[in-house]
Structure formats: structure tokens, C-alpha cells
Amino acid sequence: MITYWIIFFIAASFALISQTRSPILGDSLYSTRLYSEWIFFIFILTILIGFRFEVGGDWYIYDEHLREALESTLSNTISRYGDPGYYLINWISAQSGFGIYGVNLICGLVFSIGLSKFCRSLPRPWLALAVAIPYLFLVVSLGYSRQGVAIGFGMLALVSFGRKDIKWFVFWVFLAASFHKSAVMLLPIALIANTKNSFLTIIGFIILGVGAFFLYLEQYIEKLYQNYVTAQSQSSGAFIRLSMNALPAIIYLLFSHRFNFSANDKEIWKLFSILSVVMLVLFFLVSASTALDRIALYMIPLQLVIFSKLPDAFGSDTFSRTVIFVLILAYYASVMFVWLNFAYHSYMWVPYKSFLVEMLG
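Residues numbered from 1 in each chain as written. Predicted model: local features only at pLDDT ≥ 70, side-chain atom pairs only at ≥ 80, totals over all residues. Heavy atoms only, no water.

## A short note on the packing of helix α1 (residues 2-17) against helix α7 (residues 125-143)
- Where α1 contacts α7, the two axes come as close as 7 Å, and the packing angle between them is 160 degrees. By the angle between their directions, the pair α1 and α7 is classed as roughly antiparallel. By crossing handedness, the relation of α1 to α7 is classed as right-handed. Along the contact surface, α1 presents Tyr4, Ile7, Phe8, Ala11, Ala12, Phe14 and Ala15, while α7 presents Trp126, Leu127, Leu129, Ala130, Ile133, Pro134, Phe137, Leu138 and Leu142.
- Class assignment of the residues belonging to the contact of α1 with α7 gives a composition of 16 nonpolar, no polar and no charged. (Axes fitted to C-alpha atoms, helices over the stretch in contact; angles between N-to-C directions. Helix = DSSP H or I, 4+ residues; strand = E, 2+ residues; numbered from the N terminus. Parallel < 35°, antiparallel > 145°, perpendicular 65-115°, else oblique. Left-handed = near helix turned anticlockwise from the far one by under 90°. Contact = heavy atoms within 4.5 Å. Nonpolar A, V, L, I, M, F, W, Y, C, P; charged D, E, K, R; others polar.)

## Remarks on unusual backbone geometry
- A cis amide bond, omega 0 degrees, links Val350 with the succeeding residue Pro351.
- Relative to the helices and strands, Pro351 is located in the loop between α17 (318-342) and α18 (355-360).
- If you check the backbone angles, Lys164 has positive phi at about 60 degrees while not being a glycine.
- Take Lys164: it is sitting in the loop between α8 (145-162) and α9 (166-177).

## A short note on helix α2 (residues 36-50)
- A rise of 1.5 Å per residue sets the reference length of α2, with its 15 residues, at 21 Å; its end C-alpha atoms lie 21 Å apart and thus fit the reference within 8%.
- All of the buried residues in α2 are Trp38, Phe41, Ile42, Leu45, Thr46, Leu48, Ile49 and Gly50.
- If you follow the buried residues of α2, they end up packed against α1, α6 (99-120) and α7. (Expected span 1.5 Å × (residues − 1). Buried < 20%, exposed > 50% of the residue type's maximum accessible area, 1.4 Å probe, protein only.)

## Remarks on empty space enclosed by the protein
- All chains considered together, the criterion is met by six cavities of 30 Å³ or more.
- The volume enclosed by the largest cavity comes to roughly 150 Å³.
- Lining the largest cavity are 17 residues, and of these Ser121, Leu122, Arg163, Asp265 and Trp269 lie nearest its centre.
- Residue assignment for the lining of the largest cavity shows that the elements contributing at least two residues are α8, α14 (263-283) and α16 (301-314).
- Looking at the lining of the largest cavity element by element, the count peaks at three residues for α8.
- Here the residues of the lining of the largest cavity are counted per class, giving nine nonpolar, five polar and three charged.
- The computed volume of the second largest cavity comes to approximately 60 Å³.
- Lining the second largest cavity we find Tyr135, Arg241, Met244, Asn245, Asp293, Ala296, Leu297, Ile300 and Gln303.
- Among the secondary structure elements, those contributing two or more residues to the lining of the second largest cavity are α13 (238-254) and α15 (289-296).
- With three residues, the single largest contributor to the lining of the second largest cavity is α13. (1 Å grid on protein atoms, 1.4 Å probe; cavity = no way out; pocket = protein on both sides within 12 Å on 5 of 7 lines; lining within 4 Å. Points joined across faces, edges and corners; volume = space filled by probe spheres on them.)

## Focus on the packing of aromatic side chains
- In this structure the tally under the stated criterion is 35 aromatic pairs.
- Ring geometry for Trp168 against Phe171: centres 5.3 Å apart, planes inclined by 85 degrees, an arrangement best described as edge-to-face. Of this pair, Trp168 and Phe171 both sit in helix α9, three residues apart, roughly one helical turn.
- Among the residues examined, Trp168 registers a relative accessible area of 44% and is labelled partly exposed.
- Assessed through its relative accessible area of 41%, Phe171 is described here as partly exposed.
- Between Tyr252 and Phe259 the ring centres are 5.5 Å apart and the planes differ by 80 degrees, which places this aromatic pair in the edge-to-face class. Across the pair, Phe259 and Tyr252 agree in class, each one buried.
- Among the aromatic residues, ring-to-ring pairing joins Phe51, Phe53, Trp59, Tyr101 and Phe355 into one connected group. (Phe/Tyr/Trp six-rings, centres within 6.5 Å; stacked < 30°, edge-to-face > 60°.)

## Quick notes on a nonpolar patch on the surface
- A cluster of nonpolar side chains, Phe239, Ile240, Leu253, Ile274, Val278, Val281, Leu282, Phe284, Leu285 and Val286, forms an exposed patch at the surface whose accessible area comes to about 880 Å².
- Mapped by element, the contributors of at least two residues to the nonpolar patch are α13 and α14.
- Ranked by residue count, the leading element in the nonpolar patch is α14, at four residues.
- Residue position: Leu253 is located in helix α13. (Patch = residues over 30% accessible without salt bridge, like charges linked within 9 Å, V, L, I, M, F, W, Y side chains within 5 Å. Areas by Shrake-Rupley, 256 points an atom, 1.4 Å probe, with all protein chains shown as cover. Salt bridge = Lys/Arg side-chain N within 4 Å of Asp/Glu carboxyl O.)

Quick look at the structure:
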């Protein structure tokens, strides 16, 4: 448990001593260049994710998949499980002798770069990183390997979208969907947020969305429906996680005039906010909370965006901004404390164990 707190306090400490950045690219855009301290943090997160040992709720499932890949052909491995990007890495790592740690290192690196680039696109990147540690890093990246790396690519896609770089946005989304099919949902979200653009752009997004559906989801849609809807699958803690997205969503919807967004970012984060509130409402109306919980993972970047902008959006002077800043850190420290000590499945993450330590021991 101490490992998680050290990472959080390092990010929080950098956040406390950092100043608000000024846009340097015009239209409220920030440089995403990664300096030495960010590269160091990427290295640390990658090592923690990559060399974890029996940590996370899906550890044994992924380990078993890798063992099966060792005795199978590449085509059989991918056709059996789908998600070609993830299981291609599985097969290569299994055949080359790197095992589950080779897979997790690659996934950890992708997630860490995506997270760092996304944070660097915000005015207070270290505050955004501190916000990400208690759940996005600790629970998602250490627990859900495929969806963690998909979210990493998804955050790169969102950065590209904010810069109106549609080609790279589409590239990152398709790459994300090759690790977890649910990432294709980012395409229609971007389409709706991009409706003010030309008619041809909209048609292009529709074609890409349909193509993505048939490429990634068609053969699995019945299975997904049965698992998440027909079976009325329930996810422990879904209400809390949906609420964590809904809180910044409501703040933004009520006070959007206080937030300084680029034209593209304004529309997509408004849509993210609406979806986050709708999903919280649906939690009380439908039984399949697991489906909502899985979709909500892609809404988590909204927390990083809104809370990194909150001190400057509501603080009128240095003191008030500092108070808001500290309250945000206290809120996420509380989230982390409650999850580590009281979450139903937290025992799968605690204590943190590393393959490097186990090997030396």
C-alpha cells in the first residue's frame, strides 16, 4: 500500500510547487513536450505496471491467456480472444520468453506515455497527474491491462482531437480499439462534438465508425449484449465511480463559462459531461451496471481536465486558488484511502508486489 501513497504524494508535491502554465500554441492549447521529470515519471509508472506480480483483479486471467498463447499459433490466439493488438503482444512475448512481464511492460509504457501527454496538454499537468493516480493509475492500469492501454491510446487521441488533428485522432482510436473493442465509442463521440465542421468530415466519421464496428465489434456484439445487458451484470462500486465522473461533469455544465477551452475541446468535454451525468442517471434505471461501469472508464479523463482547471476557474487570487488546489488533493487522497481500505476487491491490489523483489527474494 505504501508504494501507491508514495506515487501519489510525489505527484501531489510536484503539483503544489508548480505554477499554472500559459498557452503557447494559441487557442488555449498547451505544449505536450515531455521534460526530464516527466520521462522519469513515465519510467517509474511503466516499471510499477510492467513488473507487478499477482496484482489486479484480472491477473490470473491474463496470465492464463499468455500460457495458452505459448502453445498456440498467432492466428488461433487472436481469433480465440479478439483484440488483435493486445494478443499479438501476448503471442510475441510468450514465444520470445518474456512472459506476462513483457506484455505488461509494453502496456504500462503506452498507458504512461498517453497519460503524461494528456496531462501535459492541460494548464496544471501535475495536478492532473495527481488526480489520475488514485483510480486511473492504481485501479485501471494495474488491474485492467487491455482497457488500460486502450485508454492510454484514447488519451493520445483526445490530445490530437483538441488540436484538430483528425488523422492522428482516428489512428489512435483504431489502435486503442485493437486492444479493447470498446474504445471505438470515441469515434461517435468525436463525430457529435465535431458537427460544426464540414459535411464531408461528418460523412468521413460515419464511414470510419461503421468500418470500426464491422472490424472490431460485429462478431462480438451478441456476446457483449449477453454479458452486460441480458445477464444484468452488476459491478461492485459502480455508483461511486459513476459519481466521480458526474461531479466534474456537473461543475462544468453549470459553470462552463468559467473554463477556458479551445473550440474543439469545449464541445467534446461538454459531451463527455453530458454522458457522465446520463450514465449516473441510468444507474438507477437499468440493471446492467457493469456495462455503464466499463463505458465510464473512458470518461475518467474528464476528471483530469476539469479539476486541473478548477483552481483558476474559480480562484480569484493566490489564496483562493491554493485552497481549491488543496481541497482537490484532499478529495483524491480520500478516494484513494477509502478504496485501498474498504473496496470489496482491493485485496487483489494490496500489498503491491513486484516481480523484481520476488526474484531477488
